[in-house]
Amino acid sequence: MTRPLISLVLVSLLLLILSAGLVHPAAAQQTQPASPTVQQAPAPPPAKEEVTSYRLSPEKYRQAVAYSRARYRLYFIGFVYGVIVLLVVLAGRVAPRLRDLAERASGRRFVQALVYTPLLLLTVDVLGLPTSLYGHWLSRKYEQSIQGWGSWFWDWTKGELISFLVGIFLVWILYGVIRRSPRRWWFYFWLAALPILIFILFLAPLVIQPLFFKFEPLAAKQPALVEEIQKVVQRGGLEIPRERMFEMKASEKLKALNAYVAGFGASKRVVVWDTTIQRATTPQLLFVFGHEMGHYVLGHILRLIIVSAIVLLVFLFLGYRGMRWALAPPQPGQARGGSRWAIRGVDDWASLPVLTLFFALFGFLGAPLFNSYSRALEHDADVYGLEVIHGIVPNSGQVAAEAFQILGEINLADPEPSAFIKVWLYDHPPLGERLVFAREYDPWSKGEPPRFVRQP
């Protein structure tokens, strides 16, 4: 929330594409919820007991509620704190000072971007560290993370370096376009930024993600599981080479469970966390894989790219209008933001925090719409997962329900989220609703055709 670079705001929109897993990596630790059908039970159901609803022991129930409430508070407080940080940067004229430093360093615009961008990013991110530190502290307290502070800071540093590299080029392009087309820069920058950001999306599974976790071919570690997965792949009429299936060593840093799809084209892959493999049975893992396979087959990655591109264009246009209003020349007797903040105009490097502030506001207010669309895609992937394993996995609905139960217990899914929290924060359907749906979805016994997978 506190990153000052437009590049990172844009990348964050496209990173929605990377969230198309059974559980979003962040949601697994922050906002992965249950549903109103959740019950507080005296004890977790025995392994062989039929799972009918999401149930937690009294101790787990208290932990899940406390952890979820803390993450919700952190989300909203973090947004407000991020806005305050950007306002402090503007009021303290930090960006103009960094701009002056960059202009003294060189008269070449690229060199100025090379100096200005990392300094502004680092300044604002250091100011925003308190919320990041608290988030990791919460994850450690509730045993979602086992990552030490030294390792966490090293990951934070690597993230900063990646941000510098991406930000320098995008900010340089952004202000070059603004200087050449003051009225249409929002459209031309959109055209220029999209291929760059899509290329970053393509590279992420190959270059960026391995900087934070180790990945190994799933066939090398779990050959028997891959054999079973191939049956599901054949049922779906899809070809997913074994080379596109990976196990991620999440257990080195996390206890939470997850699986996801990433990349596109030659970089597209299915990733299953080793924590998930350790806790789930083979039938349950086949449902997890079927869900991820659904994202492939149903074209969710392409759809998310298109939606993200449209959202990006809208945000840039609104940012253009907001910048014109905020930095307009003052009228006699008035002081507008630009003059108070020592910003020369929209084409000034120092205007970047203003644009980022608008993007932060748009993203926050648009979150319910974005998440609603994401929940719809995730529900379709659940349906596909249930259909593609039907006939391969006995009692497949119950198996999927068991997988959701395990997921909720380990990830401390919220037992009783409010409707407001669900609408505003959840990019996946509530876990309890998914569990109940998995048990009850049975078009075959009703003589109805499945939605996505026709039986051979």
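In this text, all values refer to a predicted model and were calculated from it rather than measured experimentally.

Cut-offs applied
- Residues numbered from 1 in each chain as written.
- Predicted model: local features only at pLDDT ≥ 70, side-chain atom pairs only at ≥ 80, totals over all residues.
- Heavy atoms only, no water.
- Bend = angle between axes of the 7 residues up to and from the residue.
- Helix = DSSP H or I, 4+ residues; strand = E, 2+ residues; numbered from the N terminus.
- Axes fitted to C-alpha atoms, helices over the stretch in contact; angles between N-to-C directions.
- Parallel < 35°, antiparallel > 145°, perpendicular 65-115°, else oblique.
- Left-handed = near helix turned anticlockwise from the far one by under 90°.
- Contact = heavy atoms within 4.5 Å.
- Nonpolar A, V, L, I, M, F, W, Y, C, P; charged D, E, K, R; others polar.
- Patch = residues over 30% accessible without salt bridge, like charges linked within 9 Å, V, L, I, M, F, W, Y side chains within 5 Å.
- Areas by Shrake-Rupley, 256 points an atom, 1.4 Å probe, with all protein chains shown as cover.
- Salt bridge = Lys/Arg side-chain N within 4 Å of Asp/Glu carboxyl O.
- Buried < 20%, exposed > 50% of the residue type's maximum accessible area, 1.4 Å probe, protein only.
- Pairing = 2+ DSSP bridges.
- Lys, Arg positive; Asp, Glu negative; His and termini not counted.
- Charge placed at Lys NZ, Arg CZ, Asp CG, Glu CD.
- Core = buried A, V, L, I, M, F, W, Y, C linked by side-chain atoms within 4.5 Å.

(A) Structural detail: helix α14 (residues 352-389). The sharpest bend along α14 comes to roughly 55°, located at G366, with the proline P368 sitting one to four residues further on. Two residues or fewer after α14 comes G391, characterised by a positive phi angle close to 90°.

(B) Representation of the packing of helix α3 (residues 94-105) against helix α4 (residues 109-127). Where α3 contacts α4, the two axes come as close as 8 Å, and the packing angle between them is 150°. Taken together, the axis directions place α3 and α4 in an arrangement best described as roughly antiparallel. Of the two possible hands of crossing, α3 and α4 adopt the one that is right-handed. Taking contact as the criterion, the partners of V94, A95, L98, R99, L101, A102, E103 and A105 in α3 are, on α4, Q112, V115, Y116, L119, L120 and T123. Of the residues belonging to the contact of α3 with α4, the class tally is 10 nonpolar, 2 polar and 2 charged.

(C) Main features of a nonpolar patch on the surface. Taken together, the side chains of L302, I306, I310, V314, F317 and L318 present a nonpolar region at the surface, about 520 Å² in accessible area. Take I310: it is sitting in helix α12 (residues 300-326). What makes I310 exposed here is its relative accessible area of 51%.

(D) Examining the pattern of salt bridges more closely. Under the criterion given, the structure shown has 17 salt bridges. Its salt-bridge partner being E103, residue R344 comes within 2.9 Å of it at the nearest N-O pair. With R344 in the loop between α13 (337-340) and α14 and E103 in helix α3, this residue pair connects regions lying 241 residues apart in the sequence. Of the charged contacts, one joins D155 and K158 as a salt bridge, the two residues approaching to 3.2 Å between their closest N and O atoms. On the criterion of helical spacing, the pair formed by D155 and K158 is a turn pair, its members being 3 residues apart in helix α6 (residues 149-180). Note on accessibility: D155 and K158 belong to one class, buried.

(E) Summary view of the pairing of strand β6 (residues 269-273). The buried fraction of β6 amounts to 5 of the 5 residues, a majority that puts the element mostly inside the structure. Burial along β6 is two-sided: R269, V271 and W273 and V270 and V272, pointing in opposite directions, are all buried. Two strands pair when backbone bridges link them, and strand β5 (residues 259-262) and β6 are joined in this way by 4 bridges, in the antiparallel orientation. Along β6, the bridge assignment pairs V261 with V270.

(F) Up close: the packing of helix α5 (residues 129-141) against α6. Relative orientation of the contacting elements α5 and α6 amounts to 135°, with a least axis distance of 12 Å. It follows that α5 is oblique to α6 by the angle criterion. Of the two possible hands of crossing, α5 and α6 adopt the one that is right-handed. Touching L129, S132, L133, H136, W137 and R140 of α5 are W149, W152, F153 and W156, all from α6. In terms of residue class, the contact of α5 with α6 is made up of 7 nonpolar, 2 polar and 1 charged.

(G) Highlighting a positive patch on the surface. On the surface, a cluster of positive charge is made up of R183, R184, R321 and R324. Along the polypeptide, R324 turns up in helix α12.

(H) Highlighting the nonpolar core. I229, M245, F289 and M293 are the most contacted members of the largest nonpolar core, which has 57 residues in total. In terms of residues, this core owes the most to one element, helix α15 (residues 396-411), which gives 8 residues. Beyond its immediate stretch of four places on either side in the chain, I229 contacts L218, M245, L286 and F289. Listed in part, the 56 residues of the second largest apolar core include I162, V311, F362 and Y426.

(I) Highlighting the sheet that holds β6. Spatially, the 4 strands line up as an open sheet ordered β3-β4-β6-β5, and their pairing is mixed. In the strand order of this sheet, the two ends are held by β3 (215-217) and β5, each with one partner. Taking each pair of neighbouring strands and ignoring which way they run, the sheet shows an average axis angle of 30°. Relative to strand β4 (residues 245-248), β3 runs antiparallel, the two sharing 3 bridges. The residue of β4 that forms the bridge with E216 is E247.

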